[in-house]
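Working through the structure, step by step
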Amino acid sequence: MKDLTARMIGVDEALGIVLRETSVLPAESIVLESAAGRVLAEEVFADADQPPFAKAMMDGFALRSMDVTAAPAELEVVEEVPAGRMPTHTLGEGQAARIMTGAPLPEGADAVQMVEKTEPAMGGRWVRILEVVQAGAHVAPRGRELRAGQRVLAPGDDLTPSRIGVLSGVGKGTVLAHRRPRVAVAPTGDELVHWGATPKPGQIRNSNGPALSAACRQLGAEVLELGIIRDDAAALGECLRKGLASDLLLLSGGVSMGTYDLVEGALDREGVEIFFRKVAIRPGKPAVFGRKRNCLVFGLPGNPVSSLVIFQVLVAPSLRKMQGGAMPQGREMEALLEAPVVQHTGRTSYLPGTLRFEGESARIQPIPSSGSADLPAYSRANALLVIPADRDRVEAGEKLRVLPLD
Ligand code: AMP
Ligand code: MG
C-alpha cells in the first residue's frame, strides 16, 4: 500500500479511497430546535391521521351537497364553527353551519361553499348559497395527508425546514441524527498573517483558514481553528497532535516540492497512514490524504483556489458521508457549455463557471480566471466545469459535467 502513494491517481479513484476510509458518525438524540441541516438516523411514523378530522379548507358554510343541487338555495344556519373547536350540531335537511378554515366539519355535512359564493338571508340566521356545490368541495377528509402508523421519514433524510415541520406535526420533538463532524483547520505558511494584520513585505493574509472553516461549517461541521502554523517541524508536530483528536484535520499549504513543504514529513512522524499524495486534478495536484485511527487528514495545496477545489471534490463528500447523508458523491450534473474552453490534457480540470437554467436545459458559462491563485474570480462561480483529462479543447454547445457549488 505505502509505495503506491507516490503514484498520481485519478479523481474518481481518490474519491473512492476517501469514501472507503470515511465512517458514518454515531447518532445522537437531538431536539427539533437544533435539527436543521442534520441527517436523520431513524424511521419516523405518523402518530395519528393527518388531518385528524375532516376539515374545512375555506371560510364559508358547511352543508349537505344534496341540499344545493340547484342554486340559489337557502339554508338555516345552526351554528358557527371556528378553528380549534368541535361542532355541536349534526346537520339535518336544509341546514348549514358557518365554518372557518381549519375547523372540523359538522356531522352530516359533506361540503363547504366559500363565503364569497353566499349571501346572508333573514338577517344572517339563514344563508343563500349562490352556486351549486359538489360533495367533498373544500373539505380535506380525515387522513388525507397521512394515515396513523404510516412512515413519514427514513434514515438518511436531510432535515430540511419542511421535514422539521413534518416531525413537529407528528409530535416528534427529539430525533436521532448523526453527530456533527468535528473538523480542525490549520493553514500553514511562514508568509501568512491574520486578516487583522497589515502584511509586511513578503507576507500575505491567510485566506485559506477562514475560507475552509466556512466551507466546513456550511456543511454542518463544528470547526476548531488551530490558527496559522509556521513552516517548522516542531510547530507542525504540535498542530497535528491537537488536530488528530478531531474527526477530520484539514491542513493547507506545505505539500508541494519546496524546501519548506514539511507537512508530509510531519504526518509520517505522527504515524498518519498516507493513502495518496498526488491526484490528477487541476488545480490541486499535490493533495495528501491519510488517516490515523478515527481521524482523516487532508493536506490541501496552499493556493486558495486549489484548496477550495480539493475541498469540493474530495472533502465535502467525506463530510457528507460522516453525517449519514445519502449519495455523498452524487452532486455532479450535466450542462451545455456556452463558450469554448482550452486546457492542457493529463489531469481533470475544474474551472469556475456560472450555471443557469433556461427552461429544461442547464447552461454553464466559464468565468475568466488567471488560475489557482485567482480567488476573486473563483468567488463569482456558482459551479465548476469539469474538463476531462483527455480533452485539450471543449467546444461551445458540448455537454459537460459540472459540479454545483453550494
Ligand atoms: P504552498 O502550497 O505552501 O507552497 O503554497 C502555495 C501558494 O499558496 C503560495 O503562493 C502561498 O503563499 C499560498 N498560500 C498558502 N497558504 C495560504 C493561505 N492560507 N492563504 C492564502 N494563500 C496561501
Ligand atoms: Mg507554504
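Please refer to the structure placed before this passage.
Okay, so let's go over this structure. None of the values given here were measured: they were computed from a predicted structure. (Residues numbered from 1 in each chain as written. Chains lettered and ligands numbered in written order. Predicted model: local features only at pLDDT ≥ 70, side-chain atom pairs only at ≥ 80, totals over all residues. Heavy atoms only, no water.)

**Quick word on the side chain of Arg-64**
- Inspection of the secondary structure puts Arg-64 in the loop between strand 5 (60-63) and strand 6 (73-81).
- Since its relative accessible area comes to 15%, Arg-64 is described here as buried.
- Of the polar contacts made by the side chain of Arg-64, one reaches the backbone oxygen of Gly-92; its length is 3.5 Å.
- Every residue in contact with Arg-64, bar those within four places of it in the chain, is listed here: Leu-91, Gly-92, Glu-93, Gly-94, Gln-95, Gly-108, Ala-109 and Asp-110. (Helix = DSSP H or I, 4+ residues; strand = E, 2+ residues; numbered from the N terminus. Buried < 20%, exposed > 50% of the residue type's maximum accessible area, 1.4 Å probe, protein only. Polar contact = N/O pair within 3.5 Å; in protein donor to acceptor, adjacent residues only side chain to side chain. Contact = heavy atoms within 4.5 Å.)

**Some words on the sheet that holds strand 1 (residues 8-9)**
- Spatially, 1-19-21-22-18-14-17 is the arrangement adopted by the seven strands of the open sheet, whose pairing is mixed. With one partner strand each, in any of the chains shown, strand 1 and strand 17 (222-225) form the two edges of the open sheet.
- Of the pairings in the sheet, the one linking strand 14 (residues 182-187) to strand 17 comprises four bridges and is parallel in character. From the neighbouring strand, Val-183 faces strand 17, where its bridge partner is Val-223.
- Across the face of the sheet, helix 1 (residues 11-21) comes into contact with strand 1, strand 19 (273-279), strand 21 (286-292) and strand 22 (295-300) while running at roughly 155° to strand 19. (Pairing = 2+ DSSP bridges. Axes fitted to C-alpha atoms, helices over the stretch in contact; angles between N-to-C directions.)

**Quick word on the pattern of salt bridges**
- Counted under the stated rule, the structure contains 27 salt bridges.
- Note that Arg-128 is salt-bridged to Glu-74, the shortest N-O span being 2.7 Å. Of this pair, Arg-128 sits in strand 10 (residues 126-129) while Glu-74 sits in strand 6; the two residues are 54 residues apart in sequence, bridging distant segments of the chain.
- Taking relative accessible area as the criterion, Arg-128 reaches 23% and is therefore assigned partly exposed.
- For Arg-391, the salt bridge is made with Glu-398, and the minimal N-O distance between the two is 2.8 Å.
- The class of Arg-391 is partly exposed, set by a relative accessible area of 27%.
- Several salt bridges converge on common partners, so that one network encompasses Glu-338, Arg-356, Glu-358 and Arg-363. (Salt bridge = Lys/Arg side-chain N within 4 Å of Asp/Glu carboxyl O.)

**Description of the packing of helix 1 against helix 6 (residues 304-322)**
- It is the contact of helix 1 with helix 6, at a shortest axis distance of 9 Å, that shows an interaxial angle of 30°. Between helix 1 and helix 6, the angle is such that the two are roughly parallel. Judged by the twist between their axes, the crossing of helix 1 over helix 6 is right-handed. Side by side, helix 1 and helix 6 meet where Val-11, Ala-14, Leu-15, Val-18 and Leu-19 of the first sit next to Val-313, Leu-314, Pro-317, Ser-318 and Lys-321 of the second.
- Tallied by class, residues from the contact of helix 1 with helix 6 come to eight nonpolar, one polar and one charged. (Parallel < 35°, antiparallel > 145°, perpendicular 65-115°, else oblique. Left-handed = near helix turned anticlockwise from the far one by under 90°. Nonpolar A, V, L, I, M, F, W, Y, C, P; charged D, E, K, R; others polar.)

**Looking at the pairing of strand 6**
- Sheet topology note: the strand 6/strand 10 ladder contains four bridges and is antiparallel. Along strand 10, the bridge assignment pairs Leu-75 with Val-127.

**A word on the layout of surface pockets**
- Each pocket or cavity is described by its volume, and for the largest pocket that value is around 730 Å³.
- Forming the boundary of the largest pocket are 44 residues, of which Gly-302, Asn-303, Pro-304, Ser-306 and Ser-372 lie nearest the centre.
- In the lining of the largest pocket, the residues fall into 18 nonpolar, 17 polar and nine charged. (1 Å grid on protein atoms, 1.4 Å probe; cavity = no way out; pocket = protein on both sides within 12 Å on 5 of 7 lines; lining within 4 Å. Points joined across faces, edges and corners; volume = space filled by probe spheres on them.)

**Here's the deal with the nonpolar core**
- Counting residues in each nonpolar core, the largest one holds 46 residues, and the members touching the most others are Leu-248, Leu-250, Phe-276, Phe-298, Phe-311, Leu-314 and Tyr-350.
- Tallying contributions element by element places helix 6 first for this core, with 11 residues.
- Taken together, domain 1 (4-25 + 179-322) and domain 4 (333-404) each give at least three residues to this core, which thus spans both.
- Setting aside its immediate chain neighbours within four residues, Phe-311 contacts Leu-212, Ala-215, Cys-216, Leu-219, Leu-250, Ala-316, Pro-317 and Leu-319.
- Counting residues in each nonpolar core, the second largest holds 19 residues, with Leu-240, Leu-249, Val-272 and Ile-274 among its members. (Core = buried A, V, L, I, M, F, W, Y, C linked by side-chain atoms within 4.5 Å. Domains from an automatic or database assignment.)

**Digging into the packing of aromatic side chains**
- A complete count under the given rule lists three aromatic pairs for this structure.
- Measuring from centroid to centroid gives 5.7 Å for Phe-275 and Phe-289, while their planes differ by 35°, and the two rings are tilted. Of the two residues, Phe-275 sits in strand 19 while Phe-289 sits in strand 21, which places them 14 residues apart along the sequence.
- The exposure class assigned to Phe-275 is buried, which follows from its relative accessible area of 7%.
- Taken together, the ring pairs connect Phe-275, Phe-276, Phe-289 and Phe-298 into an aromatic cluster.
- Over the ring of Phe-275 we find Arg-20; its NZ or CZ atom is 5.7 Å from the centre of that ring. (Phe/Tyr/Trp six-rings, centres within 6.5 Å; stacked < 30°, edge-to-face > 60°. Lys NZ or Arg CZ within 6 Å of the ring centre and 35° of its normal.)

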